[in-house]
Amino acid sequence: GRQPVERKGAATIQVAVKHAPGTTYITPEKPTVLEGERITLECGADPPGYPQPTYTWSREGSLSSVLATGSSFTIDGARLDSSGGRYFCRPANSAGMGTIGETVLNVYQ
């Protein structure tokens, strides 16, 4: 008969566990922009969640309308009369939703 073969070694297993995004944050923390300039707001969550979340941006006064669906939201030409105000971001994936992040954008002349 054959002799049994003994093998020794180490193995690594990576397990991806589905989980909802955690606490949402928006950067920069206190966004300010000169009128006519561009500003980009970034949204993230800690923990980020798995699978990778999608992000929904909205604005105070029109929460039902989606401004953007990526992790960043850019205003190309900020307007003094209409761009300033409170913006919201919420990450979500198949495991659930994160908290709603919010920031207040100030536009200056």
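Being a predicted model, the structure only gives us computed values, none of them experimental.

S.K.: Would you explain the overall build of the protein in this entry?
M.R.: Counting its regular elements, the protein contains 0 helices and 8 strands. What you see in the protein, going N to C, is helices and strands ordered as β-β-β-β-β-β-β-β. In terms of C-alpha radius of gyration, the protein reaches 22 Å, well past the compact-globule figure of 13 Å for 109 residues. Within the span of the protein, comprising 109 residues, buried residues form 28% of the whole. Intrachain contacts of the protein at a sequence separation of at least 6 include 63% that bridge at least 24 residues. Taken as a whole, the protein presents about 7600 Å² of accessible surface, with 49% of it coming from carbon and sulfur. Here the protein contributes 10 positive and 10 negative side-chain charges, whose respective centroids are spaced 15 Å apart.

S.K.: Explain the pattern of salt bridges to me, please; I cannot follow it from the model alone.
M.R.: Two side chains that carry opposite charge are able to pair once their charged atoms sit near each other. The tally for this structure, following the rule as stated, stands at 5 salt bridges. The partner of Glu-6 in a salt bridge is Lys-8, with the nearest N and O atoms 3.8 Å apart. Comparing Glu-6 with Lys-8, the two get one shared label, exposed. As a salt-bridge pair, Glu-102 and Arg-86 come within 2.5 Å of each other at their nearest N and O atoms. In this pair, Glu-102 sits in strand 8 (residues 101–108) while Arg-86 sits in strand 6 (residues 85–93), placing the two residues 16 residues apart along the sequence.

S.K.: How do you make sense of the packing of aromatic side chains when you look at a structure like this?
M.R.: One pair of aromatic rings is described through two measures. These are the centre distance and the angle between the planes. Here the structure, examined in full by the defined rule, presents 2 aromatic pairs. Aromatic side chains Phe-73 and Tyr-87 sit 5.8 Å apart centroid to centroid with 40° between the ring planes, which places their arrangement in the tilted category. Pair noted here: Phe-73 is in strand 5 (residues 72–75) and Tyr-87 is in strand 6, with a separation of 14 residues, a long-range link. Of the residues examined, Tyr-87 reaches a relative accessible area of 3% and is grouped as buried. Feature note: the residues Trp-57, Phe-73 and Tyr-87 constitute an aromatic cluster, connected by ring pairs.

S.K.: What is the right way to read unusual backbone geometry from this model?
M.R.: With glycine set apart, most residues show a phi of negative sign, and most peptide bonds adopt trans. In this structure, the amide linkage connecting Thr-27 to the following residue, Pro-28, adopts the cis form with an omega of -5°. Considering the arrangement of structural elements, one finds Pro-28 in the loop between strand 1 (23–27) and strand 2 (32–34). Between Asp-46 and Pro-47 the backbone carries a cis peptide bond, its omega angle lying at -5°. As for its placement among the helices and strands, Pro-47 is situated in the loop between strand 3 (39–46) and strand 4 (54–59).

S.K.: Explain the sheet that holds strand 1 here, please?
M.R.: Each strand in a sheet pairs with its neighbour through backbone hydrogen bonds, running either in the same direction (parallel) or in the opposite one (antiparallel). Pairing in this open sheet of 3 strands is antiparallel, and the strands run 1-3-5 from one edge to the other. Each of the sheet's edge strands pairs with one partner strand only, and the pair in question is strand 1 and strand 5. Adjacent strand axes in the sheet meet at a mean angle of 20°, parallel and antiparallel pairs treated alike. Alignment of strand 3 against strand 5, held across 4 bridges, turns out to be antiparallel. When the sheet's bridge partners are listed, Ile-39 is paired in strand 5 with Ile-75.

S.K.: Honestly, the side chain of Ser-83 in this entry has me stumped. Any pointers?
M.R.: Mapped onto the elements, Ser-83 comes out in the loop between strand 5 and strand 6. Within the structure, the side chain of Ser-83 is placed 2.7 Å from the backbone nitrogen of Arg-79, a separation counted as a polar contact. Beyond its immediate chain neighbours, meaning those up to four positions away, Ser-83 contacts Arg-59, Ile-75, Gly-77, Ala-78, Leu-105 and Val-107.

Parameters at a glance
- Residues numbered from 1 in each chain as written.
- Predicted model: local features only at pLDDT ≥ 70, side-chain atom pairs only at ≥ 80, totals over all residues.
- Heavy atoms only, no water.
- Helix = DSSP H or I, 4+ residues; strand = E, 2+ residues; numbered from the N terminus.
- Rg over C-alpha atoms; globule rule 2.2 N^0.38 Å.
- Buried < 20%, exposed > 50% of the residue type's maximum accessible area, 1.4 Å probe, protein only.
- Contact = heavy atoms within 4.5 Å.
- Areas by Shrake-Rupley, 256 points an atom, 1.4 Å probe, with all protein chains shown as cover.
- Lys, Arg positive; Asp, Glu negative; His and termini not counted.
- Charge placed at Lys NZ, Arg CZ, Asp CG, Glu CD.
- Salt bridge = Lys/Arg side-chain N within 4 Å of Asp/Glu carboxyl O.
- Phe/Tyr/Trp six-rings, centres within 6.5 Å; stacked < 30°, edge-to-face > 60°.
- Pairing = 2+ DSSP bridges.
- Axes fitted to C-alpha atoms, helices over the stretch in contact; angles between N-to-C directions.
- Polar contact = N/O pair within 3.5 Å; in protein donor to acceptor, adjacent residues only side chain to side chain.

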